[in-house]
Each structure stands twice: as C-alpha cells, then as structure tokens.
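Results of the structural survey
Here is what each chain is made of, one letter per residue.
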Amino acid sequence: MTTSFTQRKTSKAIALIFLGLAGLLAGTFNASATHGSCSATIPQTITQSIKICDGNYTVSDVNITGNNVTVACSPGTVLKGIPSAPWPQSSGFRVLADNVTIQGCHMEGFYSAIEAFTGGWKNLTIKENAFFGFDQFPINGVVVINESALVSNNYFKNVSAPWFESTHLQLVENTFEGMPNTINVYMPSPLFTSEIRGNILNAQGSLYPLELTGLQISGAGNALVKENHFEGFYNGLWVVGSMHATIAKNRFKDNGTGVSVLFASPIPLADQSREITENFFQSSKTRDIAITGEIYEHFPSVFISKNTEQDVKGTGIELLVYTTPIIADNIIQLAPEGKYGIRSQLKQHNGVISNNRIQMNANSSGTGMGISVEKTLFAPPTGTMNIKENLIQGTGQGTGIAVKQAKDVQVSQNIVKGFDAPAGGTGISLNDIIGVLVSWNRLQSNFINLYIGNAFDVSVSANDFYIGSPTQAQDSGTNTKWATFDQSTGKVFGNWFSDYFRPVQGCIDTTPLPLGDGFCDTGYYVQPSNVEALAAVHAYNS
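Everything in this summary refers to the structure shown in the same document. Nothing here was measured: the structure is a model prediction, and the numbers come from that model.

Quick look at the overall build of the protein chain now. What the protein chain contains, in helices and strands, is three helices and 51 strands. Looking at the protein chain as a whole, 52% of its 542 residues qualify as buried. Approximately 23000 Å² of the protein chain is accessible, and the part contributed by carbon and sulfur atoms is 55%.

Written out as structure tokens, the structure is:
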C-alpha cells in the first residue's frame, strides 16, 4: 500500500511528540537528560560543556572540574541558591579547572554565585550573566581568585562586595548597581595586573549610600582604571597600597570623594607612582581627588593632569601625604560653597603645581582659596614646591594663592585676578613663611594684590601689580592695596605698580639708586605724580 505525503508527515509528528515525552520523563530521573541541545538538569559535577535549558533551578556547590568547559544558560534560565536563615550559605558554581567559561546565567540568592579560589586555575571567563542579591541581606557575591580572569558584560544588583583577585584580571563593561554595603567591588590582590574599563558603578537607590565605596583596589601591582562611570558613592574609587595605578578618562558624579588614593606600604618611589589624568568630576561633595597615606622616608610620585572638575562643593585636589606631586593642566570650577581648588598639606614636599585653570565662586564665608600650600614649616628641607603658570579667577571674596606655615615655595608666572571684595579679597597671601620667592606674577583687580605676614627670607620681584581699569580703580578707592607687609623681612624689588591716578598703598625700596638695599619700606605711597618713586620702580624693572 502506498503511503501519502500527508500520512508520512503526520506519523513523523506523532513520533516526535512521543520522543519528546520520553525525553522529558527520562529527564526527571536522569541527570544528563537533554532537550535538543540543552540540558534540563544540572549535574553536581560538570566535566564537559553544558547549556542549561529555560526554567528555574535550585543549585548548591556545583563543581566544574573539566578543563575547556563552557557552562551556558538559555535566556529564560534562573539559578537560585538554597534559602537559609539569616542569609544564604551555599555557593553556585565552584571552578576547579582551567579555561572555564560561565555565560548568560541569571543567578540569585547565593552566598557567592561563582567561586574560583582553590588552586591556580587559569583563564576563567565570566560574561553576560546577571547576579542578584537580597534587599534585606545583600551578601550575595562573586568570588574570583585565580591566575587570570575576564569578567565582562555582567549585571550586578544588590550584590555585596564582589571579590575579584587574580594575577591578570580584566573587568570590562559590567554594570554594578545599588549595593547597600561598604564596598561595591573589591579587588584585594597582593600582586596583579588589572584592567578595569568601561564599567558602570551606580549607588543610586542603595540603602546606605554614605557608607559605600564604588571600587576598592588594594595591594601591589599595575592597575589601569579607564572609562568607567562612578555615581553616588561615599568614595567612588579607592586605591590602597603600593601599586602603579593609571586612572584615566573616568566620569565621577555626585560622590563624596571621587578618587581617594592611600599610600600604605614602605615600597620605593618607583613602585608607587599614580597617574590620574583626563577624568571628569561633577558635583563632588567633599573632594574630587584626595591623596593620603602613611609617613615613610621615600616620596611616592603622583601625576594629576588634564582633569576637568565642575561644581566642586569642597576641594578639587587635596594632598595629605609625603609625596612628589605634579599637578598640571587641570580645569577646576568651584561651587559657591567650595573651599579649595588645590590644597597641599604635604609636611615634606618637592613638586610642581602648574598650568591649572581655577574658577572660584562667591564663597559665602570668604574663605575660599584657589591654591593653598600649608603646614610644611617645621619639616626638614626636601626640595621646592613650585606654583607656576596657573590662572586663578575670583569672583570677589577669597584668596587666589595662599602659602602659610610653609617654606621653600616658589610662586611664579601666575595670573590671579578678581578677588576684589573689600570684606576679604586677596591675590597672593603669605603667612608664617620661610624662603618663599614671588616673581613674574600678574596680580590684577584684587582688593589686596599681595599680603605678607610674619615672613623671613622672602623675595618679591618682577611682578605686575595692576588694578585693571579706571572705573574699577575709582570704585575701589584708596583702600585698594598693592601690597601689605606685616613683620616681614625680605627683598622687594623690580616690581611694576600700575594704577589709574589713585593713591594706593605700595611697598618698594625707596633707598636712592643705584645703592638700594633691596629691603621693603612699608607704607610708602606710589603715585604717578611722584616722578622719583616711579623712576625707581622703572629702573628696577629695566
């Protein structure tokens, strides 16, 4: 008898249905059952590659022991840990082999979703997964400790302190969101090379935002932190230890402190350099960049350059450690409540602050400072801090450059202008200082261009003291001062005092030329009509 095409098609369909039912029934009892190309069950020990079918699975301490194994999940797969009070105790996958990949899995409710810390396993890849903790007990984490690992394109929600540690780690293009704990991502490796690139770390909506750290890197080694986004943390990025770190092209928004670097190991200078460059900071509440640490005899290097800082509510850049800083080519804009553009309290110093552009704002208390170098007075001499070629724009109150309780500082070739409020506006202020050189600066439109108090071994030369315009000179009146000296011992010579026909208090050497002693005669009034005085000033500048 001849069978029609329709009959053959119907018979084949019925056979496939029975085969599918048989496979499903077998899957109830057989750990290796598959549906086509996927497995409906998860073996307790995985020795070969597996794709897990759609569905909900309870998983606890599954060991991956086969080399070159991929564990992949279908799009609808959800893996859950075993519930226990007060929080989960089980792990999801334990990696015990080389070249393992875990991909595309939704994992929630584990003490640690993935563990790889037994033995020196190589080449672990964790990609395109989603990890979820609990709102009340968010201790679910991912623990990776092996020789080399790639963690990319994963999503972490309410996951406490994912722990990534390896000799070679790539943490690339992941999203970490709302981790209500002290550390968002933790990298405690004692010696490693790492690349942290293109990740989004967002604390918005977390339970304890004031306690959060976005990313903490500890230990020694080389770290590249590049093109990441940090938002809403107490500390966005916290670097602790003695590695060489490059922090570049990241975005920091609405953090307490954007970048905090702690030197905490007595390792020689060459092994402790930090480069913080081309980052964008917005609306930091306390500091954009903070350099702190312990006291050691060596001086670690810090390079802070080409960063843009907007709406700084506290301090743009703060140095609180023995270090050799180069702070150059940064753009810093303070909010009205902002205190400092750059603040250095180094105790010992030997560095450069140069070519920065600092825009002050109308600080309500009048205490804002563009650049402040302080508290180095009683330290042993170690070198010179150079403040040069900076542009500092004020909006009335505050101080452009302040050097106090310090020695061995050079202030040269800066432009400081706009600190013109009678209640408190000063271009350059020097207090309790030893060995300070002020030269070739342009001080323009400040209420007091230069103030010196309780100074010794000070040299003020070749500066341009300039009011700005006839209208401003008239409005400022006779209270506008070129320079005020209080208990100062030093040399003041060769400066240019330019005014607009208003008597202003100046400070120059009035001893007849060419035998001038070079010391300041305070209280001398400089007026254009005083030909002898102007001749002395011009002669010193020639």
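We are not done yet, so read on.
Take the state of the cysteines next. Under the counting rule described, the total for this entry stands at two disulfides. The disulfide partner of C38 is C53, and the gap between their sulfur atoms is 1.9 Å. For the disulfide bridge between C38 and C53, the dihedral angle about the S-S bond is near 95°, and by the sign convention the bridge is right-handed. Placement of C38 in strand β2 (residues 38-39) and of C53 in the loop between β4 (50-52) and β5 (55-58) is noted, with a sequence separation of 15 residues between them. A relative accessible area of 5% means that C53 is categorised as buried. Each sulfur in the disulfide pair C73 and C105 lies 2.0 Å from the other.

Time to look at the packing of aromatic side chains. Applying the stated criterion across every chain, the model contains six aromatic pairs. Ring centres 6.4 Å apart and planes at 80° place the aromatic pair F156 and F164 in the edge-to-face group. A relative accessible area of 1% places F156 in the buried class. One aromatic cluster in this structure is built from F131, F156, F164 and F176.

Overall, the coordinates contain nine salt bridges when judged by the stated rule. In this structure, R94 and D61 form a salt bridge, with 3.6 Å as the shortest nitrogen-oxygen distance. Taken together, the residues R94 in strand β9 (residues 91-95) and D61 in the loop between β5 and β6 (62-64) connect sequence positions 33 residues apart. According to the relative accessible area criterion, D61 is partly exposed, its value standing at 24%. The closest approach of N and O atoms between D311 and K313, which form a salt bridge, is 2.6 Å. D311 sits in the partly exposed class, given a relative accessible area of 27%. Taken together, the salt bridges that share partners define one network made up of R287, E318, R343 and E374.

In this fold, T315 is placed in strand β33 (residues 315-320). Overall, T315 belongs to the buried group, its relative accessible area being 6%. Residues contacting T315, with those up to four places away along its chain left out, are T286, R287, D288, Y340, G341 and R343.

What follows covers the environment of E227. Looking at where E227 falls in the secondary structure, it is placed in the loop between β22 (213-226) and β23 (229-231). In the structure, E227 is positioned 21 residues away from A248 in sequence and 6.7 Å away in space, judged by C-alpha atoms.

In this section: the environment of I52. On the secondary structure map, I52 appears in strand β4. Along the backbone, I52 and P75 are 23 residues apart, and their C-alpha atoms lie at a distance of 9.5 Å. Apart from residues no more than four positions distant in its own chain, I52 is found in contact with C38, S39, I42, Y57, V71, A72, C73, S74 and T77.

Turning our eyes to something else, we now look at the pairing of strand β37 (residues 351-354). In this sheet, β37 lies alongside strand β34 (residues 324-328) in parallel orientation, the contact comprising three bridges. Across the sheet, the residue bridging to I326 is V352, located in β37. Inspection of the sheet shows β37 paired to strand β40 (residues 385-388) by four bridges, in the parallel sense. In the strand pairing of β40, S354 is matched with K388.

Okay, the pairing of strand β46 (residues 448-461) next. Of all 14 residues in β46, ten are buried; the element is thus mostly enclosed. Sheet topology note: the strand β44 (residues 425-439)/β46 ladder contains eleven bridges and is parallel. The partner of I434 across the bridge, within β46, is F456.

Conventions and cut-offs
- Residues numbered from 1 in each chain as written.
- Predicted model: local features only at pLDDT ≥ 70, side-chain atom pairs only at ≥ 80, totals over all residues.
- Heavy atoms only, no water.
- Helix = DSSP H or I, 4+ residues; strand = E, 2+ residues; numbered from the N terminus.
- Buried < 20%, exposed > 50% of the residue type's maximum accessible area, 1.4 Å probe, protein only.
- Areas by Shrake-Rupley, 256 points an atom, 1.4 Å probe, with all protein chains shown as cover.
- Disulfide = S-S within 2.5 Å.
- Phe/Tyr/Trp six-rings, centres within 6.5 Å; stacked < 30°, edge-to-face > 60°.
- Salt bridge = Lys/Arg side-chain N within 4 Å of Asp/Glu carboxyl O.
- Contact = heavy atoms within 4.5 Å.
- Pairing = 2+ DSSP bridges.

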